[in-house]
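Results of the structural survey
One letter stands for each residue in the lines below.
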Amino acid sequence: MSQTQRNTAFKAARTAAGYTQKSLAAELGVDPRQVGRWESANPGWPKHHDQRIRLMKLLGQKDMSSLGFTPPYGAEYPQPTQRSAGVTTRATVPRQRPAALQPTTVADDFGAVTRSHRRLYWTLNPSDLHPAVLSHAILGCALLADTAGRTRATVASALAETYLLAGRIEFFDLRDPAQADKTLGRALQAAGEAEDALLASAILAHMAFVPGWAGNREAAIDRMRAARTYARRGDASGTLSAWLNAVEAECETRCGHPRTALHLIGQAEDMLAADASPSTPEWMDWFNPLRLAAFKGNTQLVAGHLPQARESLLAVLEQLPETEKQRTVVLGDLAMVEAADDRPEEACAYASQALSQLEATWYMTGVERVRKVHKALAAHQHKQCVIELEDQLYGWATTVSALAG
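Residues numbered from 1 in each chain as written. Predicted model: local features only at pLDDT ≥ 70, side-chain atom pairs only at ≥ 80, totals over all residues. Heavy atoms only, no water.

Side note on the layout of surface pockets
As a volume, the largest pocket reaches approximately 780 Å³. What lines the largest pocket is a set of 31 residues, and nearest its centre among them are Trp213, Glu250, Arg254, Thr365 and Arg369. If you list the elements that add at least two residues to the lining of the largest pocket, you get helix H7 (149–173), helix H9 (197–213), helix H11 (238–254), helix H13 (289–302), helix H15 (326–340) and helix H17 (364–376). If one sorts the elements of the lining of the largest pocket by residue count, H13 sits on top with 6 residues. For the lining of the largest pocket, a count of residues per class yields 15 nonpolar, 6 polar and 10 charged. (1 Å grid on protein atoms, 1.4 Å probe; cavity = no way out; pocket = protein on both sides within 12 Å on 5 of 7 lines; lining within 4 Å. Points joined across faces, edges and corners; volume = space filled by probe spheres on them. Helix = DSSP H or I, 4+ residues; strand = E, 2+ residues; numbered from the N terminus. Nonpolar A, V, L, I, M, F, W, Y, C, P; charged D, E, K, R; others polar.)

Here you go:
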C-alpha cells in the first residue's frame, strides 16, 4: 500500500456500519485520531486482542485483513462471536455475514415500510396485511445478516416492530394466541439485538395478554414484571407506564379481579395526567387517554358498575373518529351494559351499530363483543329487536368474514 493510498477497506466498512470516525472512536474508547490512523495508508496493527475483536464485531467482518490490516508475523486472526443463526419464515435473528455489507440507507428504507405497515393496520383488513408484514420480517432477517454496527441496530429495531405488528394481528385479529406468542418471541429477540429496552417492554406486555386472556394470572403477572423491568431500564414515559397498567388491568379483569384492575386504571390516569415527557416512542400508536377510558369502561362493566360503565363508554364513543376500529368494541360494550341492565332494545341498537361499523373496519374483537351481547339476550330471543339483530349478525358479509378471520 503506497503512501498516496488510503485504507479504503476500513473506511467502507465503517461507513456501511453507520459510524463516523468520532462515533466509532467513542464505541471503542479510543481517540478519534486513532480511527483516522487506521484509515491511513499505513494503519498499523491494533495491539490489543479485545480491541481487534470489537472492531470486527462492530464493522461486521470476519478477520482483520478484511479491514485492510496486515498482521505481523505470527499474529492470530481472532473471530468475532456470532450469536444466532439461520433465516426461516419466522426466523431467529441471523448472524452477520462477513461479505460486503449493505449501505446505511437500507435501514431507513426498511424502516419506512415498517412504519407504513403500522399505519395500514388501522384501516386495512388485518388478514390482508398479515402476509405482507411476515414477508417484510423475512426481508429484515436477510438485511440483518448483511449489516453491522448502528445500521444493524436500526434494522433490528424495525424488525422487532414488524414482528410486534404481526403478533398483534395474530392475537387480536386472527385469534391465534399460540402463534402470536411465538411471533412476539421473535420480536423480543430482535429488540434484544437492537438493545431497545422500551420496545422490549412493549413486546413483553403484549406477551402478557396471551396467558392473561386465558385466565392464567400468575403467568401474566410474571410477564408484566419483566415488561416493567425493561421499562425502567429505558426510562419509560408516563404514557408508556400508564399503558403497562392498562395491560395488567385487562389481564386482571380477564382473570376475575376487576377491583384490582380498576385500581391499576386509576394509577394509569394519574400517570397520564402527570406525564410531561415527549419521549413516548413513535411506534406506540395503540394507546392514548381515550383508549384508557375505553379500558376503564369495560372493567366497570365487568365489575357490575353499570351506570359508571355507561357514562365512561358514551364519553369515549363521542370522541372516537368514525373510522376508528375501536368503535366496534366500545359499541359492543355499551350493548352489553344495556343487556346487563335488562334493556334489550337499547342493547340491540348498539350491537347493530357495531355490526354496521364492522362492515367498514373489520375487527375480530368487535365481532366477539357482539356475539357476547347476543348470547346475553337469550331470554329475549323472541323479541323483534333480537330477531333483527340475528339477521344482521348472520348476514353474508359478517358470517364469511368471521369464519375467514
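Quick notes on the side chain of Ser237
Along the polypeptide, Ser237 turns up in the loop between helix H10 (217–233) and H11. One polar contact links the side chain of Ser237 to the main-chain amide nitrogen of Leu240, over a distance of 3.2 Å. Reaching out from Ser237, the side chain makes a polar contact with the side chain of Thr280 at a distance of 2.7 Å. (Polar contact = N/O pair within 3.5 Å; in protein donor to acceptor, adjacent residues only side chain to side chain.)

Quick word on the nonpolar core
If you look at the biggest cluster of nonpolar residues, it comprises 101 residues, and the most contacted ones within it are Ile203, Trp243, Trp286 and Phe287. Every residue in contact with Ile203, bar those within four places of it in the chain, is listed here: Ala160, Leu164, Leu184, Ala187, Leu188 and Ala191. Ranked by size, the runner-up nonpolar core spans 20 residues in total, among them Ala16, Tyr19, Val35 and Leu59. (Core = buried A, V, L, I, M, F, W, Y, C linked by side-chain atoms within 4.5 Å. Buried < 20%, exposed > 50% of the residue type's maximum accessible area, 1.4 Å probe, protein only. Contact = heavy atoms within 4.5 Å.)

Overview of the environment of Ala268
Tracing the backbone through its elements, the reader meets Ala268 in helix H12 (residues 258–274). A relative accessible area of 0% places Ala268 in the buried class. Other than its neighbours up to four places away in sequence, Ala268 contacts Ala242, Asn245 and Leu292.

Quick notes on the packing of aromatic side chains
This model, assessed by the stated rule, comprises 12 aromatic pairs. An angle of 20° between the planes, with centres 6.1 Å apart, marks the rings of Phe171 and Phe209 as stacked. Within this pair, whereas Phe171 is found in helix H7, its partner Phe209 is found in helix H9, the two being separated by 38 residues in sequence. The same class applies to Phe171 as to Phe209, namely buried. Where Trp243 meets Trp286, the ring centres are 5.3 Å apart and the plane angle is 55°; that geometry is what we call tilted. A residue pair is termed long-range when its members are at least 10 positions apart, and Trp243 in helix H11 and Trp286 in the loop between H12 and H13 qualify at 43 residues. Like Trp286, Trp243 is buried. An aromatic cluster is defined as three or more aromatic residues linked by ring pairs; in this entry it consists of Phe171, Phe172, Phe209 and Trp213. Here Arg233 stacks its cationic end above the ring of Tyr230, 4.5 Å away from the centre of that ring. Looking at Lys325, its charged tip hangs above the ring of Tyr121, at a distance of 3.9 Å from the centre. (Phe/Tyr/Trp six-rings, centres within 6.5 Å; stacked < 30°, edge-to-face > 60°. Lys NZ or Arg CZ within 6 Å of the ring centre and 35° of its normal.)

Treat this as a map of the structure, not an account of what it does.
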